[in-house]
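Fold and contact review
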Amino acid sequence: MIRVRAKKKLHTSDGPMELDVCFESGVGEFVTLFGKSGAGKTTILRMMAGLSEPEEGYIEVSKEVWFDSRKKINWPVQKRSIGFVFQEHNLFPNMTVEENLHFALQDKKDAGMIEALLEAVHLTEFQRRRPAQLSSGQKQRVALIRALLRKPKVLLLDEPFVSQDLELRLKLQEEMLDIYKRHNASVIFVSHDFSEIFKLSDRILVLDKGRIQKSGRPDEIFAAQTISGKFKFPGVIVDMRQEDFLYIVTVQIGNNLTKVVAAENEVRGLSTGDHVLVAAKAFNPIILKAFPKENQKT
Amino acid sequence: MNTLMGTIVDIHSSDMISMINVDVDGDIFSSIILEGKKGPFHYKLAEKAHLLFKETEVGIAKNLSGLISFRNRFPARIKKVETGPVLSKIILDYRGKWIESIISTRSVGDMGLKEDDHVEWLVKTNEVSLMPIPQ
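Thresholds, definitions, all that
- Residues numbered from 1 in each chain as written.
- Chains lettered and ligands numbered in written order.
- Predicted model: local features only at pLDDT ≥ 70, side-chain atom pairs only at ≥ 80, totals over all residues.
- Heavy atoms only, no water.
- Helix = DSSP H or I, 4+ residues; strand = E, 2+ residues; numbered from the N terminus.
- Contact = heavy atoms within 4.5 Å.
- Areas by Shrake-Rupley, 256 points an atom, 1.4 Å probe, with all protein chains shown as cover.
- Buried area = accessible area lost by both parts, 1.4 Å probe.
- Salt bridge = Lys/Arg side-chain N within 4 Å of Asp/Glu carboxyl O.
- Polar contact = N/O pair within 3.5 Å; in protein donor to acceptor, adjacent residues only side chain to side chain.
- Nonpolar A, V, L, I, M, F, W, Y, C, P; charged D, E, K, R; others polar.
- Pairing = 2+ DSSP bridges.
- Patch = residues over 30% accessible without salt bridge, like charges linked within 9 Å, V, L, I, M, F, W, Y side chains within 5 Å.
- Buried < 20%, exposed > 50% of the residue type's maximum accessible area, 1.4 Å probe, protein only.
- Axes fitted to C-alpha atoms, helices over the stretch in contact; angles between N-to-C directions.

**Some words on the overall build of chain B**
A count of helices and strands for chain B gives one helix and 10 strands. Mapped from its N terminus to its C terminus, chain B presents α and β elements in the order β-β-β-β-β-β-β-β-α-β-β. For chain B, the share of sequence-separated contacts (at least 6 apart) that also reach a separation of at least 24 residues comes to 60%. Total accessible area computed for chain B in this model is approximately 7,000 Å², and 54% of it derives from carbon and sulfur atoms.

**Some remarks on the interface of chain B and chain A**
In this assembly, 31 residues from chain B lie in contact with 20 residues from chain A. Together chain B and chain A conceal approximately 1,900 Å² of surface at their shared face, both sides included; 58% is due to carbon and sulfur atoms. Scanning the region where chain B abuts chain A turns up two salt bridges. Here chain B and chain A share 10 residue pairs in polar contact (both at pLDDT 80 or more) between them. Among the elements of the structure, strand S3 (27-33), strand S6 (72-83), strand S7 (87-94), strand S8 (97-104) and strand S10 (129-132) of chain B are those that each provide at least two residues to the side of chain B that touches chain A. Ranked by residues supplied to the side of chain B that touches chain A, first place goes to S10 of chain B with four residues. Of the residues assigned to the side of chain B that touches chain A, the class counts are 14 nonpolar, nine polar and eight charged.

**Quick look at the pairing of strand S12 (residues 231-243) of chain A**
Residues and elements named next belong to chain A. Bridge analysis of S12 against strand S15 (residues 275-280) gives six bridges, and the strand direction is antiparallel. Its bridge partner being in S15, Lys 232 is matched across the sheet by Ala 279. Across seven bridges, S12 lies against strand S13 (residues 246-253) in antiparallel orientation. Bridging across to S13, Arg 241 finds its partner in Ile 248.

**With respect to a nonpolar patch on the surface**
On the surface, a nonpolar cluster with roughly 340 Å² of combined accessible area is contributed by Phe 283 of chain A together with Met 16, Ile 17 and Leu 34 of chain B. Assignment of secondary structure puts Phe 283 of chain A in the segment after S15. Looking at Phe 283 of chain A, the relative accessible area reads 33%, which means it is partly exposed.

**Brief notes about the sheet that holds S13 of chain A**
All names here are of chain A. Spatially, the four strands line up as an open sheet ordered S14-S13-S12-S15, and their pairing is antiparallel. Two strands bound the open sheet, and with one partner strand each, they are strand S14 (256-263) and S15. Shown here is a sheet whose adjacent strand axes are inclined to one another by a mean of 50°, direction ignored.

**Some remarks on the pattern of salt bridges**
Residue and element names in this part refer to chain A. Counted by the stated rule, this structure contains 23 salt bridges over all chains. Among the salt bridges present, the one from Glu 60 reaches Arg 3, with a minimum N-O distance of 2.8 Å. Taken together, the positions of Glu 60 in strand S4 (residues 56-61) and Arg 3 in strand S1 (residues 2-12) put the pair 57 residues apart, joining distant regions of the chain. The class for Arg 3 is partly exposed, based on a relative accessible area of 27%. The salt bridge involving Glu 18 is made with Arg 211; its shortest N-O contact spans 3.7 Å. In this pair, Glu 18 sits in strand S2 (residues 15-25) while Arg 211 sits in strand S11 (residues 211-216), placing the two residues 193 residues apart along the sequence. The exposure class assigned to Glu 18 is partly exposed, which follows from its relative accessible area of 31%. A single network of salt bridges, built from pairs that share partners, joins Arg 3, Glu 24 and Glu 60.

Okay, here's the thing in structure tokens:
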């Protein structure tokens, strides 16, 4: 269980703003902070990590008090059970991938985890390389698994998938989600990517001008502001072709490729790689049993 | 996608399905949605909403007589007909608003559709999506 109550005056590009938030999160819960830049998302992560100090409030994780302004408690970064992946990945340039990961280990008995994690993020062949010999996506993946090696109670992720190409991004999201669930870590996640948030989050906190305006499941948060279609999925455009007056748009939804027929005015401004919401009236889809009845187990 | 804007003037609900009527400059459009008395409901009387429907769901009729179950049928004038090998695009002037319909080129031929024809366009209630406009 995480309990956070924090107040802090911030200076943003829009002028001074008071961050004033209060939230709780359960063990193993995946919570996304969602909002415009400057809403205070990254500051919350930094306060939880111990890199920024609230003026007033407390931070409690599994009954340990990491911060309490009244009792003058403020644990240093290294004492807090956290793993973090920020946009800049801060790997040691003079160490290989493997050495970076070994260095991060708190308990040398966990060295066995390294091999499995490297394999999970497709970096086994790169373990003897130094960060400079890796692409930014690969460096980010090293940072993602490094965050797990200390078996942290809380993972703080700030746009951790930005540098990944589309295909790998989808794969990584699934694998990381699986790994996080297995480690039972609570995740506090910051992202602007709609389809990513929808897929990963258990709960979303919508931040605006330093306050939590709304909190709820992804479907609750996004349903109210979108169209009445009950058949809707976030996806990514992988192909667009024109045929007569129509465009055949191929959209990747999860691991499936689907085709959507759209008129010219619908595809205006869209291109391959764009994140979209595919919606239809719930009346249109046809539902068929996937297997003949006799083959199904009862 | 065709888009029209109007005001919600009537909501008729069962437990999980509702028929919502929207007034667009005096014409009443109907949309059926999968929200009802049970569960969350996102529409309110007198609120503004967008009506969205695909070009491929808009049918065209000429000299239509007798009864028909389509609730959304409105008169329009054909502004332009663009024909392709299989499909054609009909651009309609509906009370000064632009509505597009994509139908088969065969139907365009069979019906002899051409510019300035007076026709009716139809769209089924369950093909019309509603998007409330935040106040």
